[in-house]
Every structure is written in C-alpha cells, then in structure tokens.
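Residues per chain, in single letters:
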Amino acid sequence: MLHAVVVLLVCQLAGETLAHAFSLPLPGPVIGMVLLLAALLLRLPLPKETAETSDGLLKHLSMLFVPAGVGVVQQLDLLGEEGGRLLAVIVLSTVIALTVTAVTFATIAKYMGVGEEERKEAAE
Amino acid sequence: MTRFVDLWVYLSGTPLLWLTVTVVAYAVADAISAALKRNPLANPVLLAILMVSCLLLVSKTTFPAYFAGAQFVHFLLGPATVALAVPLHRHLPEVKRAFVPMLAALVLGSAAAICSSVLLAEYFGLGRAAILALAPKSSTAAIAMGIGEKIGANPALVAVLTVMTGITGAIVVTPLMNALRFRNYAARGFAAGLVSHGIGTARAFQVNSLAGTFAGIALGLNGLLTAILVPLLLPLLLK
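Residues numbered from 1 in each chain as written. Chains lettered and ligands numbered in written order. Predicted model: local features only at pLDDT ≥ 70, side-chain atom pairs only at ≥ 80, totals over all residues.

*Asks:* Can you walk me through the overall build of chain A in this structure?
*Replies:* Across its full length, chain A carries 6 helices and 0 strands. When the helices and strands of chain A are read in sequence order from the N terminus, they spell out α-α-α-α-α-α. Scaling as 2.2 N^0.38, a compact globule of 124 residues should have a C-alpha radius of gyration of about 14 Å, whereas chain A reaches 20 Å, well beyond that. The buried share of chain A, taken over its 124 residues, is 40%. Relative to all contacts within chain A whose residues are 6 or more apart in sequence, the contacts with residues 24 or more apart total 38%. (Helix = DSSP H or I, 4+ residues; strand = E, 2+ residues; numbered from the N terminus. Rg over C-alpha atoms; globule rule 2.2 N^0.38 Å. Buried ≥ 20, exposed ≤ 12 C-beta atoms within 10 Å, placed from the backbone. Contact = placed C-beta atoms within 7 Å.)

*Asks:* Got a minute to help me understand the overall build of chain B in this structure?
*Replies:* Per the secondary structure count, chain B includes 13 helices and 0 strands. Tracing chain B from N to C terminus, the helices and strands come up as α-α-α-α-α-α-α-α-α-α-α-α-α. For chain B, the C-alpha radius of gyration of 19 Å lies close to 18 Å, the compact-globule estimate for 239 residues. Based on the C-alpha atoms only, the size of chain B along its principal axes is roughly 65 × 45 × 35 Å. In chain B, of all internal contacts separated by at least 6 residues, the share reaching a separation of at least 24 is 64%.

*Asks:* Explain the nonpolar core here, please?
*Replies:* Looking at soluble globular proteins, one finds that nonpolar side chains tend to be buried together. In terms of nonpolar packing, the biggest core is built from 117 residues, with A:Val66, B:Ala48 and B:Phe190 touching the most fellow members. Apart from residues lying up to four places away in sequence, B:Ala48 is in contact with A:Val66, B:Ala25, B:Tyr26 and B:Ala29. (Core = buried A, V, L, I, M, F, W, Y, C linked by C-beta atoms within 7 Å.)

*Asks:* Whenever I open this one, the environment of B:Leu126 confuses me. Can you help?
*Replies:* Summarising the element assignment, B:Leu126 is placed in the loop between helix H8 (99–123) and helix H9 (128–134). B:Leu126 gets classed as buried once you count the C-beta atoms within 10 Å, which come to 20. When sequence neighbours within four positions are dropped, the list of residues in contact with B:Leu126 reads A:Glu82, A:Arg85, A:Leu86, B:Ala121 and B:Ile131.

*Asks:* What am I meant to see in unusual backbone geometry here?
*Replies:* Glycine aside, negative phi is the norm for most residues, and most peptide bonds take the trans geometry. A positive phi angle, close to 55 degrees, is found at B:Lys37, a residue other than glycine. The topology assignment puts B:Lys37 in the loop between helix H2 (15–35) and helix H3 (44–58).

*Asks:* What's the story with helix H5 (residues 76–112) of chain A in this structure? I'm lost.
*Replies:* Two residues of an α-helix separated by three or four positions point the same way, owing to the 3.6 residues in each turn. Its axis deflected by about 80 degrees at A:Glu82, H5(A) carries its strongest bend there. Looking one or two places after H5(A), you find A:Gly113, whose phi comes out positive at around 75 degrees. (Bend = angle between axes of the 7 residues up to and from the residue.)

*Asks:* When you look at the packing of helix H11 (residues 155–179) of chain B against helix H12 (residues 185–207) of chain B in this model, what are you seeing that I'm missing?
*Replies:* Think of two packed helices as two axes; the pair is described by the angle between the axes and how far apart they sit. All names here are of chain B. Where H11 meets H12, the closest approach of the two axes is 8 Å, and the angle between their N-to-C directions is 80 degrees. In terms of orientation, H11 and H12 fall into the roughly perpendicular class. Together, Thr 165, Gly 166, Ile 167, Thr 168, Gly 169, Ala 170, Val 173, Thr 174 and Met 177 of H11 and Arg 188, Ala 191, Ala 192, Val 195, Ser 196, His 197, Gly 198, Ile 199, Gly 200, Arg 203 and Val 207 of H12 make up the contact between the two elements. (Axes fitted to C-alpha atoms, helices over the stretch in contact; angles between N-to-C directions. Parallel < 35°, antiparallel > 145°, perpendicular 65-115°, else oblique.)

*Asks:* Can you help me understand the interface of chain B and chain A in this one?
*Replies:* Interface size is commonly expressed as the accessible area that is lost once the parts come together. At the junction of the two partners, chain B supplies 97 residues and chain A supplies 66 residues. Counted by class, the side of chain B that touches chain A contains 69 nonpolar, 24 polar and 4 charged residues. (Nonpolar A, V, L, I, M, F, W, Y, C, P; charged D, E, K, R; others polar.)

*Asks:* For this particular structure, what's the right way to read the domain arrangement of chain B?
*Replies:* All names here are of chain B. Domain assignment breaks chain B into domain 1 (1–75) and domain 2 (77–239). Using C-alpha coordinates to define each centre, domain 1 is positioned 26 Å away from domain 2. Between domain 1 and domain 2, the contact holds 8 residues from the first and 10 residues from the second. Those elements that place two or more of their residues in the side of domain 1 that touches domain 2 are H3 and helix H4 (63–75). Class assignment of the residues belonging to the side of domain 1 that touches domain 2 gives a composition of 5 nonpolar, 2 polar and 1 charged. (Domains from an automatic or database assignment.)

*Asks:* Explain the domain arrangement of chain A here, please?
*Replies:* Here chain A is described as being made up of domain 1 (2–59) and domain 2 (72–123). Between the C-alpha centres of domain 1 of chain A and domain 2 of chain A the distance comes to 28 Å.

*Asks:* I tried to follow H3(B) on my own but got confused; where do I start?
*Replies:* For H3(B), with 15 residues, the first-to-last C-alpha span of 21 Å sits near the 21 Å given by 1.5 Å per residue. Phi for B:Lys60, located one or two positions after H3(B), is positive at around 55 degrees. (Expected span 1.5 Å × (residues − 1).)

This is how it looks when you write it as structure tokens:
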C-alpha cells in the first residue's frame with residue numbers, strides 16, 4: 001500500500017506542479033490522472049499494489065464527498081433566499097443532461113452496432 | 001456536568017472527533033442504504049450529510065472546526081481522482097470499442113450540463129455568485145472547486161452545489177432511465193458518471209458493474225472536459 005500511495009501522491013504533486021508552472025486550465029489531480037494513465041500505457045514498472053489501492057480508494061469514493069457536502073451548513077443564508085430556485089435548477093439541469101447523454105450514447109451505439117454485448121452481459 | 005463540558009472542550013479541540021463522526025456517519029448511512037435494498041432515495045451521501053449537519057447545528061460547532069477533522073477524508077478526493085486512471089486503463093478495450101458513441105455523448109452531455117445550469121439559473125433570476133458556482137457542478141468536487149477558483153466563484157458554494165448535483169443524479173438516474181426504457185447499461189452508467197460524478201458512479205456500481213465501469217470513465221473524462229469547456233462557454237452564456 002505504501003508504494004501505491006507514493007505513486008498516487010507523486011502523480012498528484014506532479015500534476016499540481018505542471019498546472020501552476022504552465023498556468024494550465026486543468027486542475028492538478030486531473031493532470032495527475034493523465035500522468036498515471038500514461039505511465040500505465042507505457043508499462044512503466046509501477047508497484048503491483050497500485051491497482052489494488054486505487055480500487056480500494058474508489059470503492060468508498062462517495063464517502064469522500066461528505067465533508068464538502070456538510071459545507072451546506074455554511075450556506076444556509078444563501079439557501080434560505082435562493083434555495084428553492086437553486087434546487088429547481090439542479091434537478092432540471094440534471095434530468096436534461098442525463099437524458100442528452102444517454103440518448104446520444106445509446107442512439108449512436110445502436111446505429112454502429114456496438115453495445116449489444118454489453119446489454120446481454122448486463123441482463124445475465 | 002462540568003466534567004462533561006471539560007471532556008467536550010478537549011475532544012472538540014482535536015481533529016479526531018469530527019474525522020471519526022464523518023466516517024461513522026457514512027458507515028451508518030451505508031448500512032441503512034443496504035438495509036433498504038439500495039433504494040435510490042436512501043442515498044448514503046445524503047443521509048451522512050444530514051446526520052453530520054444536524055450534529056453540527058445541535059452542538060453549535062462551526063464548519064471550520066468540523067473541517068479541521070474532516071479535511072483528512074476530503075483530502076483523499078485528490079488521490080482518488082488520480083486513481084481513476086486505473087479503471088480507465090483496465091477497461092481500455094471497452095472504451096475503444098464504444099469510443100465514438102462515448103465521445104459524442106461526452107461532448108453533448110458535458111455541454112448540456114453546463115449550458116442548462118447557467119441558462120436555467122439566469123431564467124430563474126439567480127445572482128451572479130450562484131450562476132458561476134453552478135457552471136462546473138457536473139464535474140467531480142475536487143475539479144469543480146478548481147474550476148470555481150479560476151472563474152471567480154466561491155469554492156465552498158461550488159462544492160455544496162456539486163455534491164447536491166451528485167445526490168440528485170444518483171436519485172433520479174434509475175427511475176428516469178427506466179421511464180425512457182433505456183436498457184443499454186453502458187449508456188446509463190456513462191450518463192450517471194458524466195452528470196453526477198463520483199456519487200453517480202457509486203450509484204451505478206450498485207446497479208451493475210458494467211454501468212459502474214462506464215460511469216467511472218465518464219467521471220474522469222467529464223472532469224477533464226468541464227475544466228476546458230466552462231471557461232470557454234461561460235462568456236457566451238452570461239448576459
């Protein structure tokens with residue numbers, strides 16, 4: 001686990017450094033993700049447990065959003081004033097974006113004949 | 001009573017208390033969600049946030065005091081974003097096969113998420129602070145806050161709206177896709193991850209592993225694309 005943590009942190013640190021040094025529009029962790037993907041594609045000798053530790057971290061991904069979400073207690077004034085409208089925007093925009101994404105994906109996949117095997121696999 | 005107060009003063013001054021509360025609240029929320037057969041309404045993130053928020057309000061604890069402990073959980077969002085490279089690499093064959101539909105869905109979906117939130121916010125007459133904070137809401141929290149900083153939005157508000165979007169998507173995705181009669185689980189998962197980032201991805205993994213895989217890919221790709229699109233689209237959308 002130690003070596004996997006080193007890999008993840010070094011990628012993130014390198015990402016942050018690149019983002020600041022070149023004033024890139026991308027956040028540091030995203031550049032870190034691209035760096036790790038590049039390292040995996042180039043078959044660099046990464047520690048074996050990198051995959052295992054990453055999976056473990058991603059398994060509880062939703063827990064990591066709790067502290068930021070609790071920040072809602074700081075925004076109660078704004079939510080009191082604009083909360084109803086904010087919620088309306090979020091719900092409507094979420095439904096629109098979900099529909100646009102799924103319709104685009106499924107329509108093109110059907111047209112190209114890909115995705116059939118995924119559907120069968122999912123039904124099993 | 002004085003003893004209890006002394007104990008409280010001691011415990012509330014260490015990061016351990018609120019770190020433990022955050023993890024325990026999530027464990028309880030996850031157990032409730034499992035007991036209710038993963039009903040989308042019993043979203044574990046929503047339940048955990050409600051529990052912790054009530055505890056903070058009742059104990060009159062300020063958010064900075066809470067965050068001094070909870071920051072250790074929050075910090076992991078960065079390494080978790082880096083870790084997304086692993087499932088992305090693992091499922092590269094599927095990703096390559098579904099490359100064209102995915103790319104089209106990514107561009108249209110990402111643009112739809114940004115444009116619909118900004119335009120709807122303007123239509124509902126929301127203030128500039130709220131509009132800016134809504135723009136990056138479909139990317140994952142760490143990325144959204146980074147984008148927020150760059151466009152001059154309040155990162156704390158961005159984080160709250162991002163989490164609210166994640167929870168909303170995780171709750172509506174299953175009933176919405178069933179209503180639309182979509183049975184392509186790659187498409188369903190991709191939509192969940194694109195719109196509601198990590199929380200949607202966690203939900204997609206509850207439904208089935210293929211949906212979860214595509215959700216993880218969408219979460220990574222949309223984090224990237226939202227960071228590029230928001231600064232480009234925002235000047236065109238703002239009145």
